[in-house]
Amino acid sequence: MNSPDGRSQRWAGHREQRRAELTAAAIAAIRAQGPDLGMEAIAAHAGVSKPVLYRYFADKTELWQAVGQETAAGLLAAIGPAVSAVRAERDVVTAAIDAYLAYIEGDPHVYRFVVHPSGIERGPDLVGDVVDTVAGGLARILGDRLRSVGLDSGPALPWAYGIVGYVQTVGDWWLRSQQPISRPALSDYLTTFLWGGIAGIDRAPDFPPADWTVKK
């Protein structure tokens with residue numbers, strides 16, 4: 001005879017699987033119909049009724065959170081391999097920027113649904129969670145480089161947040177303005193601007209001299 005705990009675990013597993021399926025269906029609906037669609041349109045695209053959809057998501061905010069978590073995972077999955085494929089510090093910056101821009105360029109409706117939600121009472125800061133993760137990774141890169149040349153790694157984290165926030169803001173403008181310049185050009189512009197600050201660390205008045213060789 002099955003124990004109540006066993007039945008509960010199976011139900012919880014089924015529920016999570018069904019939520020994942022409905023989240024994927026919601027993402028497909030957003031891609032097909034745009035970021036402003038409502039729960040009824042999402043349910044119709046998923047082939048279920050609204051009551052069934054509400055059985056797994058209490059409201060649109062909860063569905064937004066699920067879509068946002070999937071989007072964050074996809075973004076990080078795109079940035080990680082791009083950064084890992086290069087060695088030089090400047091190339092790391094370029095790869096991270098271009099991977100981010102390529103991701104939002106390839107999925108603009110879902111990006112807008114998550115970052116600029118309509119009719120949603122904002123819950124947990126999903127955008128902030130992504131920023132935390134990406135900035136944390138970039139801070140490790142900057143911190144390692146600072147320590148390798150005998151400098152204090154303390155500024156690495158705030159600098160990383162500044163870089164991520166800068167690229168996010170410019171990327172948002174780029175999409176809203178219907179990409180007035182090409183992605184490669186924008187990636188190069190942002191890298192040039194940011195690398196000037198990163199490579200110039202050893203020339204800053206509040207840092208001791210160090211042999212920071214800029215890779216051209």
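Residues numbered from 1 in each chain as written. Predicted model: local features only at pLDDT ≥ 70, side-chain atom pairs only at ≥ 80, totals over all residues. Heavy atoms only, no water.

Draft legend 1. Quick look at the overall build of the chain. Helix and strand content of the chain: nine helices and zero strands. Start at the N end of the chain and walk to the C end: the helices and strands fall as α-α-α-α-α-α-α-α-α. Looking at the chain residue by residue over its 216 residues, the buried ones come to 43%. A separation threshold of at least 6 residues defines the contact pool for the chain, and within that pool the share at least 24 residues apart is 66%. Roughly 11500 Å² of accessible area belongs to the chain as shown, and the carbon and sulfur atoms make up 54% of that amount. (Helix = DSSP H or I, 4+ residues; strand = E, 2+ residues; numbered from the N terminus. Buried < 20%, exposed > 50% of the residue type's maximum accessible area, 1.4 Å probe, protein only. Contact = heavy atoms within 4.5 Å. Areas by Shrake-Rupley, 256 points an atom, 1.4 Å probe, with all protein chains shown as cover.)

Draft legend 2. Here's a closer look at the nonpolar core. Of all hydrophobic cores here, the largest spans 33 residues; its most connected members are Ile-79, Ile-97, Tyr-100 and Leu-101. Every element with two or more residues in this core is listed here: α4 (60-84), α5 (89-106), α6 (108-115), α7 (126-148), α8 (156-176) and α9 (183-199). In terms of residues, this core owes the most to one element, α8, which gives eight residues. Beyond its immediate stretch of four places on either side in the chain, Tyr-100 contacts Leu-75, Ile-79, Tyr-111, Val-167 and Gln-168. Counting residues in each nonpolar core, the second largest holds 22 residues, with Met-39, Val-52, Leu-63 and Phe-113 among its members. (Core = buried A, V, L, I, M, F, W, Y, C linked by side-chain atoms within 4.5 Å.)

Draft legend 3. Main features of the environment of Glu-70. Mapped onto the secondary structure, Glu-70 falls in helix α4. Judged by its relative accessible area of 48%, Glu-70 is partly exposed. Here Glu-70 is in contact with Thr-23, Ile-27 and Tyr-103, once residues within four sequence places are set aside.

Draft legend 4. The packing of α5 against α8, seen in detail. Here α5 crosses α8 at 35°, and the two axes come no closer than 11 Å. Handedness of the crossing formed by α5 with α8: right-handed. Across from Ile-97, Tyr-100, Leu-101, Ile-104 and Glu-105 in α5, the residues of α8 making contact are Val-167, Gln-168, Gly-171, Trp-174 and Leu-175. By residue class, the composition of the contact of α5 with α8 is seven nonpolar, two polar and one charged. (Axes fitted to C-alpha atoms, helices over the stretch in contact; angles between N-to-C directions. Left-handed = near helix turned anticlockwise from the far one by under 90°. Nonpolar A, V, L, I, M, F, W, Y, C, P; charged D, E, K, R; others polar.)

Draft legend 5. Summary view of α4. Over its 25 residues, α4 extends 36 Å from the first C-alpha to the last, a length consistent with the 36 Å expected when each residue adds 1.5 Å. What α4 keeps buried is the set Lys-60, Thr-61, Leu-63, Trp-64, Ala-66, Val-67, Gly-68, Thr-71, Ala-72, Leu-75, Ile-79 and Val-83. Residue Asp-59 occupies the N-cap position of α4, its side-chain oxygen lying 3.2 Å from the main-chain nitrogen of Thr-61. (Expected span 1.5 Å × (residues − 1). Polar contact = N/O pair within 3.5 Å; in protein donor to acceptor, adjacent residues only side chain to side chain.)

Draft legend 6. Representation of the pattern of salt bridges within the structure. With the rule as written, the count across this model stands at six salt bridges. Here Arg-19 makes a salt bridge to Glu-62, at a shortest N to O gap of 3.0 Å. In this pair, Arg-19 sits in helix α1 (residues 4-33) while Glu-62 sits in helix α4, placing the two residues 43 residues apart along the sequence. Asp-172 is paired through a salt bridge with Arg-176; the nearest N and O atoms lie 2.9 Å apart. Here the residue Asp-172 and the residue Arg-176 both occupy positions in helix α8, the gap between them amounting to four residues, near one helical turn. A relative accessible area of 52% places Arg-176 in the exposed class. (Salt bridge = Lys/Arg side-chain N within 4 Å of Asp/Glu carboxyl O.)

Draft legend 7. Representation of the environment of Glu-40 within the structure. If you trace the backbone, Glu-40 turns up in helix α2 (residues 39-46). Measuring from C-alpha to C-alpha, the distance between Glu-40 and Pro-51 comes to 9.7 Å, with 11 residues separating the pair along the chain.

Draft legend 8. Representation of the side chain of Arg-19 within the structure. On the basis of relative accessibility, which here comes to 17%, the residue Arg-19 falls in the buried class. Not counting residues up to four positions away in its chain, the partners in contact with Arg-19 are Tyr-56, Phe-57, Glu-62 and Ala-66.

Draft legend 9. Structural context of the confidence of the model for the chain. Of the residues in the chain, 84% have a pLDDT of 70 or more, and the chain-wide mean is 83. The low-confidence segment residues 208-216, where pLDDT is below 50, has 22 contacts with residues more than four positions distant or belonging to other chains. (pLDDT = per-residue confidence, 0-100.)

Draft legend 10. Main features of the environment of Asp-188. Residue placement: Asp-188 occurs in helix α9. Note: C-alpha distance between Asp-188 and Thr-94 (94 residues apart in sequence) is 7.0 Å.

Draft legend 11. Up close: unusual backbone geometry. Positive phi, close to 60°, is recorded for Gln-178, a residue that is not glycine. Mapped onto the elements of the fold, Gln-178 is located in the loop between α8 and α9. A relative accessible area of 69% means that Gln-178 is categorised as exposed. One non-glycine residue, Gln-179, lies in positive phi territory at about 50°. For Gln-179, the position within the fold is in the loop between α8 and α9.

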